[in-house]
Structures are given as structure tokens and as C-alpha cells.
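Single-letter residue listing:
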Amino acid sequence: MLEEERLIWELKNGDKEALRQIYMNYKDKLLTIAASLLHDSYAAEDVLHDVFVSFAADAGRLELRVSLGSYLITSVVNRVRDRYRKKKHHVVELDKAGPIVSDSCDPEQSAMFAEDSQLLADALFQLPLEQRETIILHLNAGMKFREIAQIQRIPMSTAQGRYRYGIDKLRTILNGKVKK
Amino acid sequence: MNPLDHIERAIKRLHLITKAETDQRILDDAFAALEKSGQKQPHHIGRSAQRRTLGIRLVELASIAAVILVVFALFFGTPAAKAVTLEQIYQALDKVRNICVATFKANKAEPYQQVWTSQTLKVKLFKERREGKMQFILWDIPNGVTKTKSVYEDSVTTVEIPADRLTLMEKSIGGSFGLVPFSDINNVPEGYQWSCVEDQNVEAIIPGTEVYDLTWLQKSTTGTAVRFCKWRVFVDPATNLPKRAEWYHKLKIEEEYIFDTFDEVTYPSESQIQALIRKTFGLAVDSGRQKGNSKDYFTEVSHTKSKPPGCHRVIAGIIEGCAKDQACTKKDKSARAGAPAAVGGKETTKYVKKTKGREGL
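Reading guide: rules and limits
Residues numbered from 1 in each chain as written. Chains lettered and ligands numbered in written order. Predicted model: local features only at pLDDT ≥ 70, side-chain atom pairs only at ≥ 80, totals over all residues. Axes fitted to C-alpha atoms, helices over the stretch in contact; angles between N-to-C directions. Helix = DSSP H or I, 4+ residues; strand = E, 2+ residues; numbered from the N terminus. Parallel < 35°, antiparallel > 145°, perpendicular 65-115°, else oblique. Contact = placed C-beta atoms within 7 Å. Nonpolar A, V, L, I, M, F, W, Y, C, P; charged D, E, K, R; others polar. Core = buried A, V, L, I, M, F, W, Y, C linked by C-beta atoms within 7 Å. Buried ≥ 20, exposed ≤ 12 C-beta atoms within 10 Å, placed from the backbone. Pairing = 2+ DSSP bridges. Left-handed = near helix turned anticlockwise from the far one by under 90°. pLDDT = per-residue confidence, 0-100.

Caption draft 1: Layout of the packing of helix 7 (residues 145-152) of chain A against helix 8 (residues 156-174) of chain A. Residue and element names in this part refer to chain A. Where helix 7 meets helix 8, the axes come as close as 8 Å, and the angle between the chain directions of the two elements is 100 degrees. Taken together, the axes of helix 7 and helix 8 lie roughly perpendicular to each other. Residues F145, R146, I148, A149 and Q152 of helix 7 form the contact with helix 8, whose participating residues are M156, A159 and Q160. Looking at the contact of helix 7 with helix 8, its residues break down into five nonpolar, two polar and one charged.

Caption draft 2: Inspection of the nonpolar core at higher detail. Core analysis: the biggest nonpolar cluster contains 106 residues, and L30, A34, A56 and V76 of chain A together with A30 of chain B have the highest contact counts within it. Considering every element that reaches this core, the biggest residue donor is helix 2 (residues 16-38) of chain A, with twelve residues. Residue contacts for A30 of chain B: discarding those within four places in its chain leaves L19, Y23, F52, V53 and A56 of chain A.

Caption draft 3: Seen up close, the pairing of strand 10 (residues 241-250) of chain B. All names here are of chain B. Relative to strand 10, strand 9 (residues 226-236) is paired through nine bridges, and the arrangement is antiparallel. Bridge pairing in strand 10 links R232 to E246. The pairing of strand 10 with strand 11 (residues 258-266) spans six bridges and is classified as antiparallel. The residue bridging R244 from the neighbouring strand is E264, located in strand 11.

Caption draft 4: Quick peek at the environment of S176 of chain B. All names here are of chain B. Inspection of the secondary structure puts S176 in the loop between helix 5 (163-173) and strand 7 (193-196). In this structure S176 comes out as partly exposed when scored by C-beta crowding, with 19 C-beta atoms within 10 Å. Sequence spacing of S176 and L93 is 83 residues, and the spatial spacing of their C-alpha atoms is 7.1 Å. Apart from residues no more than four positions distant in its own chain, S176 is found in contact with L93 and S183.

Caption draft 5: Molecular detail of the pairing of strand 11 of chain B. Inspection of the sheet shows strand 1 (residues 98-105) of chain B paired to strand 11 of chain B by six bridges, in the antiparallel sense. From the neighbouring strand, C100 of chain B faces strand 11 of chain B, where its bridge partner is T266 of chain B.

Caption draft 6: Highlighting the packing of helix 2 of chain A against helix 3 (residues 41-57) of chain A. Residue and element names in this part refer to chain A. Between helix 2 and helix 3, whose axes approach to 8 Å, the crossing angle comes to 140 degrees. Our classification of the angle between helix 2 and helix 3 gives oblique. Where helix 2 crosses over helix 3, the handedness of that crossing is right-handed. Facing L19, Y23, K27, L30, L31, A34, A35 and L38 of helix 2, the residues of helix 3 in contact are S41, A43, A44, E45, V47, L48, V51, F52 and A56.

Caption draft 7: Looking closely at unusual backbone geometry. Residue and element names in this part refer to chain B. Even without being a glycine, N107 presents a positive backbone phi close to 65 degrees. Structurally, N107 can be placed in the loop between strand 1 and strand 2 (113-118). Residue classification places N107 among the exposed positions, given that 7 C-beta atoms sit within 10 Å. Backbone geometry places K122, a non-glycine residue, at a positive phi of 55 degrees.

Caption draft 8: Region of interest: the confidence of the model for chain A. Of all residues in chain A, 79% have pLDDT values of 70 or greater, and the mean over the chain is 81. Ranking the elements of chain A by mean pLDDT puts helix 5 (residues 107-125) of chain A last, at 68, and helix 6 (residues 129-140) of chain A first, at 93.

This is the structure we're talking about:
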């Protein structure tokens, strides 16, 4: 955490290397969140672009009240919502985006994972945005329900409810399609 | 295994990676935005065209306003405000020979340490609480001794200073008085920020001063841990000398700074410091330039004169008065300025001369 604060300090003083480091630390996580919410990797890249350019432009005035990770994730979520609000978003197949990777070194397992990921991405996109957001932020971004509730400006119990409903729907949609 | 478990695990494992060209494009644009941000230009990169237009309009308006202000200033001959730089403060302090620094804990009215330093006399006088007693400690460099006296007692303890310590103490007297965070301006860490505080409430603390903040990042010896530090200085714009300095710190960037201590500074003359020492210890102080390193540099005087009752309180009163009049003193900078605690002590004592019940001053 202290290392992150050092990076923020250096960034506020115009250090490009600090900006590069922050970008490298968060880019994949933010892209995954954006792509999962938008179901469009090109749009997700645009979101990532806008978030970082805006982050850099405002670096001098940056006053973080939360962790840097939470700040950037919230920025991504807000920009995704903006795109939906402005009806700027058109759905594109997720597999046209960059590769989906797994931690496994086994090619067969990796292929299975990619297949599962595609199924999941398609299923996720059938959920309402609020439920998708809650599930992605909780499972993929590792945020607590309390933090998600703050982002969504709802009570924590509502966030938990959205999560439960969302997961139930996913189970119905996938109906055992996701492999172990 | 529960299918729900599989779904949750699968979502956790979702992971996209960016392409190299995407990284390059985003970083290029982000760097450009960062540069523009550093030049304090409008932040409109990556925003919509509408906001871009608004930004251009704002720049145009700002330009017009700036031209009007310049014309106004030229017409009325009003000089533009000239900010004091950190370098100017260091340069001004470098010329100071006699100083008094009173150090207070935040929100306390009484200083916990006062230090008078005279580089011309090569002396340093501390007033601080030690072992539950308010004491005066004098570093008498030309005579190579320290003298300690309790405010409410008459006895003076004299301790000879070992040669190696004497050198360090002399160096400390010639330093930056512990008033600035870094004894040498070249030691200010990279990335420091120097900014003018334009807040009337803050400026009102010491009227007639300009207030500046120096903020920097303090790293541990391993270079990993950090501490955010702030030094707020109230500068007399006529002399560029500090009249007050406040010390803050915080451990997390999102936190508010914690106000630790503050210094109030005055610049007494050599003769005022001489008089203070004379009144405290009953010593006549001559300029070191005249007597060099003579052991007679400080001469104990007028032992035969009778001291009026309660004289010690008078002395204390004089010193307190001086402290209040001149707002003299200094802070928890024992380490920075060289604390009296570093001197004396049983293990370093070569000889101890006690003058009990001295009479008169």
C-alpha cells in the first residue's frame, strides 16, 4: 500500500514512470471488468483509454478518499454506465477482443477455460447491468458488498440481493454448462 | 461440487489482457495529458467535443482577463505580487548570526523548548524541561564547557565537553538552527512541492507574513515506506526570514495532515543574547572574535554582590519576558539542531564545578 502511495505522490508531481507503473498494475483488471460489463472488448479498451487519460489529466488535483484500485474501478464503472446512458454502446462479440487467459499452463485446460469464459460472458450479458456490475465487482474485482453498495449508492442488503439474484439467473442460463 | 461454486470460480478466473499496441496508445495519450496537466492547462483531453469547446472558451476568457489585469496593473503602477522562493529563505537564513527559536507542541500555548543561538559568540542557550525541572543549558564553545542551571535553583553545574563532541556542537551552532527541514537545500527530496497558501485565516496567524507550504515524501532507508511531510512557513516578505514554521505529517495520502509542532522565531542581537546569558548564569560574555578560544571567554562576575530575595524568579521572569517579547524558541528538533542531551552526562564528565549559592549576578 505504501508503494502505491509513493506512486501516487510521484504521479502528482508529473512522473511518467509512476503513471506507467500504475497503468501496468491495473490495466488487465480494469479491461476485464469493462469487457465483462460491456460485452465488447473494443468498447472496453476505449473505456480503459478514457479512464487513464482522464486520470493523468487530473493527477495534479487527485485527492483519493479510497484505495487507488477502488478509485480506478469506480471510474471504469462510471464510464460504462455513461456509455449505456448515452446509448453509445453496441454489443460486439467478446472473442473478437484480446485473448482471455488462465493461470493454467495446460493447453487443454486453457482451451476449456476460454470456452467457459465465452459462455460466462454471454450469460453475464443477459443479466441487468446492476446485477452484472455487482457480480463482476464482487467476484472479479474482489470488492466487498459494502464497497459495491457505496459505488451503486444503495444499501448493502440490496447489493447482496442483486448478487444472489444475478448468480441464480446465471445458474439457470448456464445450467451446468460451465465445467469444473 | 455445487454448480454455483463453479460459476463463481469461473467468474473469478475471467481475465483479459491488453494488446501491446493498446498499451502504447493509451500510455502515449495519458503521458500527453499528464504533461498538459503539469503545465496547468485546461484538462479537456479525452473528454467530449462539447467539453473541449468549453475549455477553449475558458482559456479565451482567462486570456482576456489576464490582459485586462496587466493593463490595469501597468496603468496604476501596482507591482505584481512576488512570491518568496525556498532558495530565498535558505539564503536569508544563511546570513543570520543570532536567532531565537521557541518550539511548541500543536495547540499548546507554552513552548517546550527555547533555543537562543549566537554564531558570533559561538554559544547556544537552551531552556527546556529535563527530569521534571525547567533548566537552562548553555553550550559555551570557546571555553569548551556546558553549564546547566535550574530555573528555580541557584547552583550551576559546569561540565567540560570532550573534544570530539565539541566539534559536533560547534558545527551545530553553525548550522541552519533546525528551523528548516533540510540543513542543505540540495537535500530536499526530488518531487517536493512549494506552494503559496492563500488563505486569509492562515495569514492572520502572523499578520504581515506570506505563508508557504513545502511538501515532500520521506522514504525509509530501504526506500519503500513513506511518510508525507509538510512544512508551513510564515515569511516576512521584506527580509525573506521565517517568523513561524509549522510541522505536519501523515502516513496515507488520503488522510488529512496531522499538525505536530510549530516554531516561533525572532532574531535578537548579539548583545541581547549576551545580556540574557549574563542574567541567567552571571557571566560576562565578550565577543569570541576578541578573545579567541581563551578559557576566560566567559568570566563569572559580581559574586560579591548580594542577591535580592527571590532573584531567581526575577531571572526567570526576565527570560520568560524575553521569550514572550521576542517570541523566542525552538522545537522537537533535538536531533536536527543538536540537543543539549547530547552533552554532559556522567560518562562524559571530565570535571564538574558546582557553584552553590552564588550571590548576585
